[in-house]
Structures are given as structure tokens and as C-alpha cells.
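Here's the letter readout for the chains.
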Amino acid sequence: MAPLAVITHKTAHRLRIRIASRRGESTYFAVTEDKLREAFADLSVTGNALTGTILLTGKPLDVDAVVDFGRSKKLFIVKTIPANGPPMARSVAAPLHSVNRRIQ
């Protein structure tokens, strides 16, 4: 069975996938990195066994294609994590907006 993975960072040109259960397994990350490089030749792929992550960078990424490829090759299965409420930035900024309104 493929190990569970989580997308920890995603922008238009950057994707970081954490595979915590394989952390420290340099062979796994080397093989996974090679397979992703072959499939996505136009992207830079860097596996890091120490942190248990794979970083893909380059042209606008098709995240679904990477996730589907990982699942089809039994490299990893991305688990989606439900949002736990409002983003942290909004929680931090809300009190500042309130203070700003009082000052005005």
C-alpha cells in the first residue's frame, strides 16, 4: 500500500508534499524523486528524506496530475485535510482592525 501524504505548501509554481511515514528513508525518496522527474520533466523535483518531503517547482503546476501520478504508481496517496476555520492571518488581523476603528 502506498504511504499517506499531505500537501503542506502549494502555489502556482511550487508544491511541497510531506510523506511523514517514510521520513529518513533515503532510498524511497530517491526512487520517488526519479519517477516524478521522468513524468514531469519540465519541473524541478527535490526529495528530502531528512524532512520527509518532496518539492516540485517550475512552470504552473497541475497538482491533480501530480497527485494522480503518485497514486497510480503507488508512490503516495494524498490525504486531504479539512479546513479548521478561518485562516490564521484573519484571526491575527481581526483585533488590529478593531483597534484601528476605535482610534479613527
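Quantities reported herein were computed from a predicted structural model and do not represent experimental measurements.

Undergrad: What is the right way to read the pattern of salt bridges from this model?
TA: Opposite charge on two side chains permits pairing when their charged atoms draw close. Following the criterion strictly, the structure yields five salt bridges and no others. Across the pair Asp34 and Arg37 runs a salt bridge, and its minimum N-O distance is 3.8 Å. Placement of both Asp34 and Arg37 in helix H1 (residues 26-39) is noted, with a separation of three residues, approximately one turn of the helix. Classification of Asp34 as partly exposed rests on a relative accessible area of 40%. The partly exposed category is assigned to Arg37, whose relative accessible area is 36%. Notably, a salt bridge pairs Arg71 with Asp68, separated by 2.7 Å at the nearest N-O pair. Highlighted residues: Arg71 and Asp68, both in helix H2 (residues 63-72), separated by three residues, approximately one helical turn.

Undergrad: What is the right way to read the sheet that holds strand E1 (residues 4-11) from this model?
TA: The pairing of strands in a sheet comes from backbone hydrogen bonds and takes either a parallel or an antiparallel form. Spatial strand order, E3-E4-E2-E1-E5: five strands in an open sheet with mixed pairing. Only two strands of the sheet have a single neighbouring strand rather than two, namely strand E3 (43-48) and strand E5 (77-78). Strands E3 and strand E4 (53-58) of the sheet are contacted by H1, whose axis makes an angle of about 170° with E3.

Undergrad: For this particular structure, what's the right way to read the pairing of E3?
TA: Two faces, one strand: in a regular strand the side chains alternate between the faces of the sheet. The pairing of E3 with E4 spans six bridges and is antiparallel. Each residue of the ladder has a partner; that of Ser44, found in E4, is Thr57. Counted along the chain from E3 to the antiparallel partner E4, the turn is four residues long, and its residue Gly52 has a positive phi close to 75°.

Undergrad: I keep staring at the nonpolar core and nothing clicks. Help me out?
TA: The nonpolar side chains of a soluble globular protein tend to be buried with one another. Grouped together as the largest cluster of nonpolar side chains are 21 residues, with contacts concentrated most on Ile17, Ile19, Leu36, Leu56, Val66 and Phe76. If you list the elements that add at least two residues to this core, you get strand E2 (14-18), H1, E3, E4 and H2. At four residues, the largest contribution of residues to this core is made by H2. For Leu56, the residues in contact, after removing those within four places along its chain, are His13, Arg14, Leu15, Ile17, Leu43, Ser44, Val45, Leu61 and Val66.

Conventions used here
Residues numbered from 1 in each chain as written. Predicted model: local features only at pLDDT ≥ 70, side-chain atom pairs only at ≥ 80, totals over all residues. Heavy atoms only, no water. Salt bridge = Lys/Arg side-chain N within 4 Å of Asp/Glu carboxyl O. Helix = DSSP H or I, 4+ residues; strand = E, 2+ residues; numbered from the N terminus. Buried < 20%, exposed > 50% of the residue type's maximum accessible area, 1.4 Å probe, protein only. Pairing = 2+ DSSP bridges. Contact = heavy atoms within 4.5 Å. Axes fitted to C-alpha atoms, helices over the stretch in contact; angles between N-to-C directions. Core = buried A, V, L, I, M, F, W, Y, C linked by side-chain atoms within 4.5 Å.

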